[in-house]
Amino acid sequence: MEFVEKILDKCMDTGADSAEVFNLNQKNLSLTVREGRLETIQKSTPGGLAVRFFKDNKTAFAHTTDLSDRSVNDMIHKTKNMAAKTEPDEFAILPDPGQYGRDLDIFDDSRVGVSTDEKIAFLVNLEKLAMDYDMLVDKSNGSWCSEVLSDIELLNSNGVKSIYKSSYYSVGISVIASKNGNMFPGEGSVNARHFDDLPPAEKIVDKYVSRALRLVGGTPVSGGDYEIIFTPYVPFSMLWGLSFALNGENALKGTSFLAGKKGEAFADGRLNIYDDAVRPRGVASRPADHEGVPSQNNKLVDKGVLTGFLYDTRTAAKAGGKSTGSSVRYDYNANPEISTSNFYIAPGDDKAEDVIASCKKGIIVEKIHGWGLYSVNGQYSAGINGTLIRNGKRVKPVANVTIAAGPEDFFKGIGAVCDDIAFYDRFSSPTIMIKKMKVGA
Amino acid sequence: MKIDRREFLKSTAAISAGAALSPGILSLLSGSGCSPGARGDLDEDQVAAVLEKALSKGGDFSEVYIEEISSTSFKMSEGSFSTATVGISQGAGVRTADGPKNGYAYVNGFNFQETFDAAETSAYISSSGKAGGIADPAAKSSPGYVTVEMPVSDVAETTKMGLIQNAEQAARDFNPLVTQVDIEYYDHMKRRKIANSNGLRIENEIPLIWVVINVLAEKNGVRHRGRKRLSAHQGFEFLEEIDLNEAARIAAAEAVTMLEAKPAPSGKMPVVLHPGWGGVLMHEAVGHGLEGDAVFRGASIFTGKLGEKVASDLVTLVDDSSWPNARGTTDFDDEGTPGQRNILIEKGILKGYMHDLISAKLLNAAPTGNGRRESYRHIPIPRMTNTFLENGAAKREDVIADTKNGLFVKALSGGSVEPATGEFNFDVREAYLIENGKITTPVSGASLIGKGIDVLTNIDAVADDLELGVGICGKGQWVPVTSGQPTVRVVTGITVGGTA
């Protein structure tokens, strides 16, 4: 804290009109077990220091891992010189202090006291459960875990002080199921702020290895129009593209297919989308964003109607609105930019099994290859693995086909939103059904 | 645009004078860039102590990797340079390798005690008590695959910005339908020092330049984006030798042309790929399955197939980390193995895999110089460098004229592969129908899928116009690569996923 204040003072002494200092300190342990033995142990103290320097409406960003006085002094001078070479930007401003809300319960250091041997034993057991799950599981790429404890200190010359600790636990498994010479990976990971919020090893194995058994040996189906049922395994396929389309900067620049559509019903009324940075214990929850703007829950799509975009301080000023607390740094050395937090499609009332039972000709999609939705024009196209449905019955695993749709067919064609959401990642979604997509085979 | 050399010298002189006022580790603009020794990293005695500590519980070998990167970047957006970034990253990673096992720990900065403690952590991986010996240090000189005439650190920001500004204007002037031009510029100088218990000692400096041009065009509510990327491990002369303005016009042309695109077709059809970054298809569909770690785990469909015919006779696939100044070139890989040209597939026969030290040992092969890492924060693993399909004898025009109907893919944005199944996918950015041997209508909204092995066996035409395309490859960690190929036709085996 003192250290960060000192650097902020130095920036102001060097002639800044305003300045911001971001200091990240992390402790990281990651372990990989394969074939019953520890294969990798990694221990580290990531992090570093970043400064934004503002003078005459011009700004520059600097980052360093060298925290010696001389080096930091030098960095500040360099940043000042770089700022002078940029062009004035009237919207380049820092936020004022805000009120940080309730404790989000995002820090758990209870694993610090657990021995490395015990953590290895957990992974050995996880891998064994996966290998023993079924006769078809015959190879292992290993089980792994990582623990990151983070300390963030953010200060700016307007008086913003955002200081908090957080933790992040991940556990993953990767095995391979083989059937008649075909292989399919049984892999995936779960994440949580508290270690105890992670599902037990049996559940992780059941979730990801069972999928491989369902999908191994898939073959194409004939091309044409199909009903497509996206499972919660593939929230990424829609939300990744939407996270860029709902980015306020992309909306201003016109690089989003949703630009200029605020207030429009672009999707079926079943669709509700939130970006919620204040979800208690949420994997991407934080008391403030990475400029120090207090976090909030942003409703972006309400009953199919676009209600708003995500903004940081600069873009909000430009758009004439307020920051939504959506400024994110991927690491200490990355410029803050607009991004999502806990980004999800809200669950609906439909039951996945009912949707499948009433499907005449469709595919349950459990794995996606590719980005899916393209944020610039709203077109959807991806390769998939899944299960063919005929008259409500699961027929066979499907592989080597593509699914595609334009934005109208895709968003207005949502025919069901189910109730089966789980929050183990930054993107989450329940089962979603799209009435008609083109299958290429 | 060519830059007058005298202009360079003038700006260099001015900046050096400025830098003298603020000496120190962040002197990005000073002539020296990175000068070994001045940074206070570990000396030979300290390195030796760390290597010994890392082997104290056993292991085949230990390694210290010291890295320092000084970077500059800026972005031109909406006609203005609204911010710029300078950065310094320095640290040391210590590794203990024991069979397939790795113990790894890293520290920020260069502090002997912290690095020594890191060695204690990395040593945890072994409990064999049997350690490889510590050999006498022997320095290796650089093979010189990366050359620098004009260090990026000697060039004034205003000069770099001037080039970007001209390119931005060139994109805007291309067509009034161009509505947005974003250009990102990044350069760095990376200094590496690698030492291992087998006596290896390497010091190496390698620069990188990376420019990404994104152009948006818009007409009647239809939007499309065009992109061009340029990169090399080279001095600033790289940007003198290429035509940045022309690159900007190519990106603009893609955006504008694709405004007229019809929905892409769907189904299996012959696909002709444009030279250059289209090679990413080979990178994803085949290359990842030839990386030593996937091979020794049996997680690749190419495991155990050395000497077997896996591709059409027309296919010779190479990974060459010694290609002068290319974005995937290494000089040395990040374990100290010199860059080299590795033939992976020769006339359809599988000849070799790509290895780091560990996979080479486990598969009883020689290291191939493919042990790479994103930074000192990562363990080296087998990775591609410059991966390309070698030239054939056909002519581009003939390949297209011989294709009755199909898809001509000019630009792919990128893709991924599942090594276990060889199934790949790509998102197409710019593509056209081929009708009766002629390139006709632009089509959008397609992805390509298939299996690597099907593509390899179904390549039925390879032209003589090889180009490398630049990109970035992620496999838990990111490294710069190129992918390349001449004009290639895949007669069947690729499914096009459009809506028409």
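Residues numbered from 1 in each chain as written. Chains lettered and ligands numbered in written order. Predicted model: local features only at pLDDT ≥ 70, side-chain atom pairs only at ≥ 80, totals over all residues. Heavy atoms only, no water.

Further remarks concern the overall build of chain B. For chain B, the count of helices and strands is 11 helices and 25 strands. For a compact globule of 500 residues, the expected C-alpha radius of gyration is about 23 Å, and chain B comes in at 24 Å, within 12% of that figure. Considered along the principal axes of its C-alpha atoms, chain B spans approximately 70 × 60 × 35 Å. Looking at chain B alone, contacts between residues at least 24 apart form 75% of all its contacts between residues at least 6 apart. (Helix = DSSP H or I, 4+ residues; strand = E, 2+ residues; numbered from the N terminus. Rg over C-alpha atoms; globule rule 2.2 N^0.38 Å. Contact = heavy atoms within 4.5 Å.)

Moving on to the sheet that holds strand 19 (residues 427–428) of chain A. The pairing of strands in a sheet happens through backbone hydrogen bonds and is either parallel or antiparallel. Residues and elements named next belong to chain A. With respect to topology, 5 strands assemble into an open sheet ordered 11-10-9-14-19, the strand pairing being mixed. Bordering the open sheet on either side are strand 11 (305–306) and strand 19, each of which pairs with just one other strand. Pairing geometry for strand 10 (residues 297–302) and strand 11, over 2 bridges, is antiparallel. Each bridged residue has a counterpart across the sheet, and for Val 301 the counterpart in strand 11 is Leu 306. Lying on the sheet, helix 5 (residues 236–245) is in contact with strand 9 (273–276), strand 14 (343–345) and strand 19; it crosses strand 14 at an angle near 125°. (Pairing = 2+ DSSP bridges. Axes fitted to C-alpha atoms, helices over the stretch in contact; angles between N-to-C directions.)

Let us look at the pattern of salt bridges. Residues and elements named next belong to chain A. For the structure shown, the criterion picks out 55 salt bridges over all chains. Among the salt bridges present, the one from Glu 20 reaches Arg 329, with a minimum N-O distance of 2.8 Å. With Glu 20 in strand 1 (residues 18–34) and Arg 329 in the loop between strand 12 (327–328) and strand 13 (337–338), the pair connects residues that are 309 residues apart, well separated along the chain. Look at Glu 20 and you get buried, because its relative accessible area is 1%. For the salt bridge of Arg 52 with Glu 291, the shortest nitrogen-to-oxygen distance reads 3.1 Å. Taken together, the residues span a long stretch of sequence, with Arg 52 in strand 3 (residues 47–55) and Glu 291 in the loop between strand 9 and strand 10 at a distance of 239 residues. Comparing Arg 52 with Glu 291 shows no difference in burial state: the two are buried. Look at the salt bridges and you will find they share partners, linking Glu 20, Arg 52, Glu 291 and Arg 329 into a network. (Salt bridge = Lys/Arg side-chain N within 4 Å of Asp/Glu carboxyl O. Buried < 20%, exposed > 50% of the residue type's maximum accessible area, 1.4 Å probe, protein only.)

Residues and elements named next belong to chain A. The terminal C-alpha atoms of helix 3 (residues 116–131), which comprises 16 residues, lie 23 Å apart, in line with the 22 Å expected from a rise of 1.5 Å per residue. Those residues of helix 3 lying buried are Lys 119, Ile 120, Leu 123, Leu 126, Glu 127 and Ala 130. Buried residues along helix 3 cover an arc of 120° about the axis, so they all sit on one side. Summarising the geometry of helix 3, the exposed residues directed more than 90 degrees from the buried face are Asp 117 and Lys 128. Buried residues along helix 3 sit against strand 1, strand 2 (37–44), strand 5 (137–156), strand 6 (161–179) and helix 4 (201–215). (Expected span 1.5 Å × (residues − 1). Arc of directions from axis to C-beta.)

Another point: the nonpolar core. All names here are of chain B. Counting 54 residues, the largest nonpolar core has Ile 164, Val 211, Ile 213, Val 215, Phe 236 and Leu 239 as the members making the most contacts within it. At 7 residues, the largest contribution of residues to this core is made by helix 6 (residues 244–257). Excluding residues that lie within four positions of it along the chain, Ile 164 makes contacts with Phe 74, Met 76, Phe 81, Ile 183, Tyr 185, Val 211 and Leu 244. (Core = buried A, V, L, I, M, F, W, Y, C linked by side-chain atoms within 4.5 Å.)

Residue and element names in this part refer to chain B. What the 6 strands build is an open sheet, ordered 13-12-11-16-23-22; its pairing is mixed. Each end of this open sheet is capped by a strand with a single partner; those strands are strand 13 (349–350) and strand 22 (467–474). Inspection of the sheet shows strand 11 (residues 317–320) paired to strand 12 (residues 341–346) by 4 bridges, in the antiparallel sense. Looking at the pairing, Asp 319 lines up with Asn 342 of strand 12.

This part is about unusual backbone geometry. Look at Lys303(A): it is not a glycine, yet its phi comes out positive at around 50°. Tracing the backbone shows Lys303(A) in the loop between strand 10 and strand 11.

Take the packing of helix 3 of chain A against helix 4 of chain A next. Residues and elements named next belong to chain A. Look at helix 3 against helix 4: their axes get within 9 Å of each other, and the N-to-C directions meet at 40°. Between helix 3 and helix 4, the crossing angle belongs to the class labelled oblique. Handedness of the helix 3/helix 4 crossing: right-handed. Along its contact with helix 3, which presents Phe 122, Asn 125, Leu 126, Leu 129 and Ala 130, the element helix 4 presents Ala 201, Glu 202, Ile 204, Val 205 and Val 209. Of the residues belonging to the contact of helix 3 with helix 4, the class tally is 8 nonpolar, 1 polar and 1 charged. (Parallel < 35°, antiparallel > 145°, perpendicular 65-115°, else oblique. Left-handed = near helix turned anticlockwise from the far one by under 90°. Nonpolar A, V, L, I, M, F, W, Y, C, P; charged D, E, K, R; others polar.)

Now for the domain arrangement of chain B. Residues and elements named next belong to chain B. In terms of domains, chain B is made up of domain 1 (5–258) and domain 2 (263–497). Put simply, the middle of domain 1 and the middle of domain 2, counted by C-alpha atoms, are 25 Å apart. The partner domain 2 presents 45 residues to the 49 residues of domain 1 that form the contact. The contact between domain 1 and domain 2 buries some 3,600 Å² in all, and 54% of this surface belongs to carbon and sulfur atoms. Of all residues in domain 1, the largest losses of buried area upon contact with domain 2 belong to Tyr 145, His 233 and Met 258, amounting jointly to 18% of the total for that side. Joining domain 1 to domain 2, the criterion identifies 5 salt bridges. Among the ionic pairs, Arg 373 bridges to Glu 63, the shortest N-O distance being 3.0 Å. Elements with a minimum of two residues in the side of domain 1 that touches domain 2: strand 1 (61–77), strand 2 (80–98), strand 3 (101–108), strand 5 (178–196), strand 6 (200–219), strand 7 (222–232) and helix 6. (Domains from an automatic or database assignment. Buried area = accessible area lost by both parts, 1.4 Å probe.)

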